[in-house]
Amino acid sequence: MQNKSMRPSVRQAAIFETIEKRGRATVEQLAEKFGASAETVRRDLSALAEAGRVRKVYGGAVKVNIAKEGLFEERLATNTRAKREIAEKLSQLVRPGQSIMIDTGSTTLICIEAIMRHRDLTVITNSTHIAEIVAAAKNGSSALLLGGIYSDNNAQTVGAQTCAEIRRIRTDHVVLTISALDSSGAYDFSEDEAQVARTMIEGADALTLVADGSKLGRVSTFRICELPEIRNVILDVAPPSDLGAALIAADVNII
């Protein structure tokens, strides 16, 4: 146990080093290790988080270890079985005649194939791939493709115009894919995509997140939402115990 008179800057540096080595640490663990009160540790974690050195989560903090998102085609070929399992679960939440707003992603692209078994849907999306699948279904469903700045990497529209169009629409469901989910919320690697997702949430009657196991406990940069904003999270595996507890405490349905 460290000396309680340790200077804040020294203690914060030591806390940062501990989290870097472990990947994550709780307030209680750090308080015991450094002989400080829980409140002191929380202040230290807040200071480190504001400096971008760690990310605070429920009950502690995690290492900031940002990975880059791969090319869309590469992501589409990754964890395909898990994504198809998620798609089947999502399809069970959808009813004919409903309106669904869905964002761009390898998981949502697989999900739309399952969703299109239902007739007479109105699908609002910023993904040209998803819009094409809806139009090709020829089952009475319609695709509304949001305008904006076109990004050919993910075949999507983003930006202020996209968000302005979203704000004029209210839907039965908003379905979003994410880059990371932990006990502090859902995140994306792209600020442009996170901005679109946040705007979609504003007009949502129900928000459903879809994520395979690789996204759980992962660290990303731009927050999409906090856990209490989510109605459903559809997974292919059970979440880690700390994340599961946080989701249950936020009254999120884990499917």
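Given the structure is predicted, the values throughout are model-derived calculations rather than measurements. (Residues numbered from 1 in each chain as written. Predicted model: local features only at pLDDT ≥ 70, side-chain atom pairs only at ≥ 80, totals over all residues. Heavy atoms only, no water.)

**Comments concerning the overall build of the protein**
Within the protein, the regular secondary structure consists of ten helices and 15 strands. Expressed along its principal axes, the backbone C-alpha trace of the protein runs to roughly 70 × 35 × 30 Å. At a minimum sequence separation of 6, the contacts of the protein that also span at least 24 residues come to 62%. Of the accessible surface of the protein, which amounts to about 11,900 Å², a share of 49% is contributed by carbon and sulfur atoms. Taking the 31 positively charged and 32 negatively charged side chains of the protein as two groups, their mean positions are separated by 5 Å. (Helix = DSSP H or I, 4+ residues; strand = E, 2+ residues; numbered from the N terminus. Contact = heavy atoms within 4.5 Å. Areas by Shrake-Rupley, 256 points an atom, 1.4 Å probe, with all protein chains shown as cover. Lys, Arg positive; Asp, Glu negative; His and termini not counted. Charge placed at Lys NZ, Arg CZ, Asp CG, Glu CD.)

**A short note on the sheet that holds strand S13 (residues 222-225)**
Taken in spatial order, the three strands of this open sheet run S10-S11-S13, and their pairing is antiparallel. Each edge of the sheet is formed by a strand with only one pairing partner; in this case those strands are strand S10 (180-182) and S13. Sheet twist, expressed as the average angle between the axes of neighbouring strands with direction ignored, equals 35 degrees. Here strand S11 (residues 185-188) pairs with S13 via three bridges, running antiparallel. Bridging from a neighbouring strand, aspartate 188 pairs with phenylalanine 222 of S13. Contacting S11 and S13, helix H9 (residues 191-202) crosses the sheet at an angle of about 15 degrees to S13. (Pairing = 2+ DSSP bridges. Axes fitted to C-alpha atoms, helices over the stretch in contact; angles between N-to-C directions.)

**Examining the packing of helix H2 (residues 27-34) against helix H3 (residues 38-50)**
A pair of packed helices can be characterised by two numbers: the angle between their axes and the separation between those axes. Look at H2 against H3: their axes get within 9 Å of each other, and the N-to-C directions meet at 110 degrees. Relative to H3, the element H2 is oriented roughly perpendicular. Packed against H2, whose contacting residues are Val27, Leu30 and Ala31, the element H3 presents Ala38, Val41, Arg42 and Leu45 at the interface. Across the contact of H2 with H3, the residue classes tally to six nonpolar, no polar and one charged. (Parallel < 35°, antiparallel > 145°, perpendicular 65-115°, else oblique. Nonpolar A, V, L, I, M, F, W, Y, C, P; charged D, E, K, R; others polar.)

**Observations concerning the side chain of threonine 107**
Tracing the backbone shows threonine 107 in helix H6 (residues 106-115). What makes threonine 107 buried here is its relative accessible area of 0%. Setting aside anything within four residues of it in sequence, one finds threonine 107 in contact with Lys83, Ile86, Thr177, Val210, Asp212 and Lys215. (Buried < 20%, exposed > 50% of the residue type's maximum accessible area, 1.4 Å probe, protein only.)

**Overview of the nonpolar core**
Of all hydrophobic cores here, the largest spans 31 residues; its most connected members are Leu176, Leu181, Met200, Leu207, Leu209, Ile224 and Cys225. Take this core: its biggest share by element is five residues, from H9. Not counting chain neighbours up to four residues away, the residues in contact with leucine 207 comprise Val174, Leu176, Ile201, Cys225, Glu229, Ile230, Arg231 and Asn232. Counting residues in hydrophobic clusters, the runner-up holds 20 residues, among them Cys111, Leu121, Val175 and Val210. (Core = buried A, V, L, I, M, F, W, Y, C linked by side-chain atoms within 4.5 Å.)

**Concerning the pairing of strand S3 (residues 60-63)**
Of the strand pairs in this sheet, strand S1 (residues 24-26) and S3 are connected by three bridges, and their pairing is antiparallel. What sits directly across from arginine 24, in S3, is valine 62. Bridge count for strand S2 (residues 54-57) against S3 is four bridges, and the pairing is antiparallel. Bridging across to S3, valine 57 finds its partner in glycine 60. Where S2 folds back on S3, the antiparallel hairpin that results is connected by two residues, among which glycine 59 adopts a positive phi of roughly 85 degrees.

**Concerning H9**
In this model, H9 (twelve residues) spans 17 Å end to end at C-alpha, consistent with the 16 Å of a helix rising 1.5 Å per residue. Inspection of H9 places Glu193, Ala194, Val196, Ala197, Thr199, Met200 and Ile201 among the buried residues, and these make up the whole buried set. For H9, the capping residue at the N-terminal end is serine 190, with a side-chain oxygen 3.3 Å from the backbone nitrogen of aspartate 192. (Expected span 1.5 Å × (residues − 1). Polar contact = N/O pair within 3.5 Å; in protein donor to acceptor, adjacent residues only side chain to side chain.)

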